[in-house]
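If you want the building blocks of each chain, they are given just below.
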Amino acid sequence: MPFGKVSTPVQWEEDGYTVTRTNSWSAPGDHPTGAGMKLYVKDGILEKVEGDPEHSILKGALPIRMLSLPEYVYNPDRVIYPMKRDPKKRGDNTAWERISWDEAYDMIVGKVKEYTEKFNSNSIITFVGTGREAGNWGPTISCRVFNSPNICYMQSGWSCYGPRMAVTSYVLGAPYPEVDYAAQFPDSYDDPRYTYPGCILLWGKEPLKSNPDGFWGHSLVDMMKKGTKFITVDPRLTFEAANSEFWLQPRPGTDTALAMAFLNVIINEELYDYDFVENWTFGFEEFTKRIQDMPPAKAAEICGVPEEKIIGAARFFAKSKPGAVQWGLAIDQNPNGVQLGECLIAIMAICGCIDVPGGNVMGAIDIGGLGSGYSDLDPQDKINEQIGVDEFPALVRTLQFTDPDSVLDQLESGAPFKLKMGFFTSANAIANPCNVPKRWENALNTLEFNVATDIFINPTISATCDLFLPVNTYAERDMYVATHYGAVGLWIGGIKKAITVGEAKSDVEILRTLGKKLRPELWQYDTDVEYINDQKLKTLGITMEELWEHGWWHVDYEYQKYAKGKLRADGLPGFMTPTGKIELYSTMIEAWGDDPMPYYKEPPTSPVSTPEYAAEYPLVLSTGARTWSYFHSEGRMVPKLREVEPNPLVDINPKDAKKYGIIDGDWVWLENSYGKCKMKASVQPGQKEGALAAQHGWWYPERDASAPELFGVYEVNVNNLTPYKTVGVLGFGAPYKCLMCKIYKA
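Quick notes on the rules
Residues numbered from 1 in each chain as written. Predicted model: local features only at pLDDT ≥ 70, side-chain atom pairs only at ≥ 80, totals over all residues. Heavy atoms only, no water. Pairing = 2+ DSSP bridges. Helix = DSSP H or I, 4+ residues; strand = E, 2+ residues; numbered from the N terminus. Axes fitted to C-alpha atoms, helices over the stretch in contact; angles between N-to-C directions. Core = buried A, V, L, I, M, F, W, Y, C linked by side-chain atoms within 4.5 Å. Buried < 20%, exposed > 50% of the residue type's maximum accessible area, 1.4 Å probe, protein only. Contact = heavy atoms within 4.5 Å. Phe/Tyr/Trp six-rings, centres within 6.5 Å; stacked < 30°, edge-to-face > 60°. Polar contact = N/O pair within 3.5 Å; in protein donor to acceptor, adjacent residues only side chain to side chain. Parallel < 35°, antiparallel > 145°, perpendicular 65-115°, else oblique. Left-handed = near helix turned anticlockwise from the far one by under 90°. Nonpolar A, V, L, I, M, F, W, Y, C, P; charged D, E, K, R; others polar.

A. View of the sheet that holds strand β12 (residues 246-248). If you trace the 4 strands from one edge of the open sheet to the other, you get β12-β11-β10-β14, paired in parallel fashion. Each end of this open sheet is capped by a strand with a single partner; those strands are β12 and β14 (323-327). Ignoring which end each strand starts from, the neighbouring axes of this sheet average 15° apart. The pairing of strand β11 (residues 229-233) with β12 spans 3 bridges and is parallel. Of the residues in β12, the one forming a bridge with I231 is F246.

B. Structural detail: the nonpolar core. By size, the foremost hydrophobic cluster in this structure holds 228 residues, and its most contacted members are F127, W203 and W440. Those residues within four positions of W203 in sequence are excluded, and the remaining contacts are V233, D255, L258, A259, F262, Q326, W327, G328, I331, L340 and L344. V668, A681, L692 and I743 belong to the second-largest nonpolar core, a separate cluster that totals 18 residues.

C. Fine view of the packing of aromatic side chains. Scanning the entire structure with this criterion turns up 36 aromatic pairs. A ring pair is formed by W101 and Y105, whose centres lie 5.3 Å apart and whose planes are at 40°; its orientation type is tilted. Taken together, the positions of W101 and Y105, both in helix α3 (residues 101-119) and 4 residues apart, correspond to about one turn of that helix. In this structure, W101 and Y105 share a single accessibility class: buried. Relative to Y485, the ring of Y161 has its centre 6.4 Å away and its plane inclined at 45°; by these criteria the two rings are tilted. Here Y161, found in the loop between β8 (151-152) and α5 (162-171), pairs with Y485, found in the loop between β19 (479-482) and β20 (491-495); they are 324 residues apart in sequence, far enough to count as distant. Overall, the relative accessible area of 9% leaves Y161 in the buried class.

D. Inspection of unusual backbone geometry at higher detail. K321 connects to P322 through a cis peptide bond whose omega is -10°. Here P322 is to be found in the loop between α13 (307-319) and β14. Even without a glycine there, the phi angle at W158 is positive, about 45°. We note that N211 has phi near 45°; this positive angle belongs to a residue other than glycine. Here N211 lies in the loop between α6 (207-210) and α7 (219-225).

E. Representation of the side chain of R290 within the structure. Within the secondary structure, R290 sits in helix α11 (residues 284-291). Judged by relative accessible area, which is 18%, R290 ranks as buried. From its side chain, R290 meets the backbone oxygen of M597 in a polar contact 3.3 Å long. Sequence-distant contacts of R290, that is, excluding residues within four places in its chain, are made with M260, D595, M597, P598 and Y599.

F. Examining the packing of helix α9 (residues 255-268) against helix α15 (residues 337-350) more closely. With their axes 9 Å apart at the nearest point, α9 and α15 run at an angle of 25° to one another. By the criterion of interaxial angle, the relationship of α9 to α15 is roughly parallel. The hand of the α9/α15 crossing is left-handed. Counted together, D255, T256, A259, M260, F262, L263, I266 and I267 of α9 and Q339, L340, C343, A346, I347 and I350 of α15 form the full contact between these two elements. Across the contact of α9 with α15, the residue classes break down as 11 nonpolar, 2 polar and 1 charged.

What follows is the structure, given as structure tokens:
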């Protein structure tokens, strides 16, 4: 068994402290990177945290988010006991009253039984965010506890990770392929099977700040020190861009044209891997013809990137062996993003990057079904009743979540049936992912009974909820963390409880308790560890106790699985696609009703597609700019983090700033026909001229929590500028990264 190598037990005594070795997950933190930490507790109080130098990946390094853990755990704004509020007083944050857990559970059980009997359990909808392990537990509580197929991630076009996961399933027959950063090996980079990438193509992603979805961003620095080169595609000058051989700044939203031009160069100059293309890809001939539509000169005109730079970067990547591609939200937050994803997988495939040392690793861990619970629906065909399945079948059936814009429609219209109850788990919808956030607030208030599980009262809870259930942080519970939610087979770490704070409970304890009361035949587990061992880890042949003993477990990884019959259910060589090959001509996308090969389409609003609109709103706006301190809407109440990054920022090029009479540090309004928000201008020479980059997820915990103020969320919410149901053909990708706006002093 490839367990971790640690020299201490999971807990030990040191200089008057009880020290616990654990691995992080938000909040506070990141997506599931599983940073190794040591928690120092004295008299039951968490006094300090340190990085774990024995951690195989991070080796003691920690982002500031994790270092702020004590301030987060003991923050005076934290709520550590259940509370209820009269639904008539939604928006009044002074109307909460403390109750017991028994009363809270009785309220939920009573409402679930009432709505199920009167209206069908489909009238209960679970809303999930991406913090904590909500991605895991949302489907479980909805299907296995409430017996409802309606699970909603409230971001139009499912514009975070969903489009990438979908297109990889269609084209590659596997989940998201990650850059090989040796996380699967106990000896990390020293494993003899490992090779450093020759070049990493970073497309629309800033891993050093975000540590995205299980990838430890600092590993880029580790690899750079060993000779790995970078090509960065980003309108902004980032650390990664500054250290790249090529930095390409496309006009936001035009990335698909640029990626097609990359392929045009690689194919026409015959820089691709002949053997891989011949044996493992489908549709190369048709694909080659399609790519002729986008010569580099044409892409240069569309994207605003010099032709010679496109050609040079494409050649450099194709000749770097091994190459790897890392692709981010620029793919997800663009209605043309599915086609961009097709292009990037094609680059990986024809350049021979797939499942080779130092390339893009792939293959999921079987952890009892990521987000499991769907098989517990009764009857099973309830899965066919998810909201939005008729309008966007590709999105709903691929991700097995409702279509978010369709949920908004149904909440507002009450058709075809009224939704009655909402259960929010780690879902600060109004502050973070929602387009048209005020419409969402009004729509959520049509629900009769809303329950939130969280750590703090946030704008969404203050505006819309009736019952608050306090959940604990990763310092207070037993859990596991798998990089990429298990969707890439690399690594699983143990999370060990070190402290208890108030009456807060784990997400698993809450759903176990409700499960025993509502569907006891499915919930025989008396502890979280029993449940995790049986439902998540049993298929791997490991237990939580072993994870704690050894720190973590590495997948016994094998490269080139496609050649050995280890990807397909039938045991034959190839990929899990209808043709058994990587589909450059996607039969799945064609079956869903879209063009089977990539094509370029201008953003819904742009200087080209809507010149009259651009005359009034002349700047291209990208939202979602990452920060060092915050993970989405988390952390604004932590003093240490606010000291580092106290204000919401929008980056602007100096020429644009001068043109609009703005100096660095000015408060400004960003505005378009959908709405406006107020931020501080950050004049950045590295920002592309004509384009802005704004942060997201902001609210002010120090302001009045009650409506209409709601912590100032609408004043600072950049999603006020994002339209409704403006997505790609299959329903994926709203234009969060390619809006238009104007800017002026506040």
